[in-house]
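Topology and contacts: notes
These are the residues of each chain, in order.
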Amino acid sequence: LITSQSYSDLQDRINADPEMLDLHSGWRRCMSDRGLRYQVPQQVIDHLDARAQDIAHEAESDHHDATPEQTAELIAELRSDEIELAVADWTCSAELMERAPGIIRRYEVEFVREHEDLIIQILDQQSVTVSLEGALDLRVAAKALGFLADIGHRQMQPVGEPTRDEVAYLLH
């Protein structure tokens, strides 16, 4: 179900939600105020991953385009940039992390309701007994789905702006 087109459509609807668009716009503005030009948080991760892969490629013995000293310098620059980006993202994500779980939960509950028959079919295929008396009330499943999403998002909620040293410690 998660790999289905329906689930992909769900993600598209969440991303196109006016409140979610507003939250991402606020995140972009905040990052831009810090001189960082990213459209969505995932671009930060993708950018850092690409830089790390480039450094690893240059350091490979069959390419050896960079000396060990140059590689160490590139890694140090990447680490410094990663800390700067992590602190900026942490700060700029506060409102997004606060409000996004509720938006996502609304769509997930709707998704569960819309796909009730398919969910039951999947559960039946996995030998889960669904009694006619309502042993599995899909409202409970929807609440559980929302609750699990909420737990995942709450684990990422900022509790205050970290210092560079705290971020550096977490990244090592």
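For the structure, see preceding data.
Remember, it's a predicted structure, so these values are computed and weren't measured experimentally.

1. Topic: the packing of helix H3 (residues 41-59) against helix H4 (residues 68-92)
- Relative orientation of the contacting elements H3 and H4 amounts to 175°, with a least axis distance of 10 Å. For the element pair H3 / H4, the angle class is roughly antiparallel. Listed contacts from H4 to Pro41, Val44, Leu48, Arg51, Ala52, Ile55 and Ala59 of H3 are Thr71, Leu74, Ile75, Glu77, Leu78, Asp81, Glu82, Leu85 and Asp89.
- Broken down by class, the residue content of the contact of H3 with H4 amounts to 10 nonpolar, 1 polar and 5 charged.

2. Considerations on H4
- Its 25 residues give H4 an end-to-end C-alpha distance of 35 Å, which sits within 8% of 36 Å, the value for a rise of 1.5 Å per residue.
- Residues of H4 that are buried: Thr71, Leu78, Ile83, Leu85, Val87, Ala88 and Cys92.

3. So, the nonpolar core
- Listed in full, the 12 residues of the largest apolar core are Trp27, Cys30, Met31, Leu36, Tyr38, Val44, Leu48, Ile55, Leu78, Leu85, Ala88 and Cys92.
- Of all the secondary structure elements, the ones that give two or more residues to this core are helix H2 (18-33), H3 and H4.
- Here this core gets 4 residues from one element, more than from any other, and that element is H4.
- Beyond its immediate stretch of four places on either side in the chain, Met31 contacts Leu36, Tyr38, Val44, Leu85, Ala88, Asp89 and Cys92.
- Among the nonpolar cores identified, the runner-up in size contains 10 residues, and Leu10, Leu96, Ile103 and Ile104 belong to it.

4. So, the pattern of salt bridges
- A complete count under the given rule lists 7 salt bridges for this structure.
- The partner of Arg51 in a salt bridge is Asp81, with the nearest N and O atoms 2.7 Å apart. Separated by 30 residues along the polypeptide, Arg51 in helix H3 and Asp81 in helix H4 bring together distant segments of the chain.
- Put simply, Glu95 and Arg99 hold a salt bridge, and the shortest N to O gap is 2.7 Å. Taken as a pair, Glu95 and Arg99 lie in helix H5 (residues 94-114) at a separation of 4 residues, close to a single helical turn.
- Overall, the relative accessible area of 46% leaves Glu95 in the partly exposed class.
- On the basis of relative accessibility, which here comes to 28%, the residue Arg99 falls in the partly exposed class.
- Several salt bridges share partner residues, and in doing so they unite Asp17, Glu19, Glu95, Arg99 and Arg106 into one network.

Definitions and cut-offs
- Residues numbered from 1 in each chain as written.
- Predicted model: local features only at pLDDT ≥ 70, side-chain atom pairs only at ≥ 80, totals over all residues.
- Heavy atoms only, no water.
- Axes fitted to C-alpha atoms, helices over the stretch in contact; angles between N-to-C directions.
- Helix = DSSP H or I, 4+ residues; strand = E, 2+ residues; numbered from the N terminus.
- Parallel < 35°, antiparallel > 145°, perpendicular 65-115°, else oblique.
- Contact = heavy atoms within 4.5 Å.
- Nonpolar A, V, L, I, M, F, W, Y, C, P; charged D, E, K, R; others polar.
- Expected span 1.5 Å × (residues − 1).
- Buried < 20%, exposed > 50% of the residue type's maximum accessible area, 1.4 Å probe, protein only.
- Core = buried A, V, L, I, M, F, W, Y, C linked by side-chain atoms within 4.5 Å.
- Salt bridge = Lys/Arg side-chain N within 4 Å of Asp/Glu carboxyl O.

In short, shape yes, function no, at least from these values alone.
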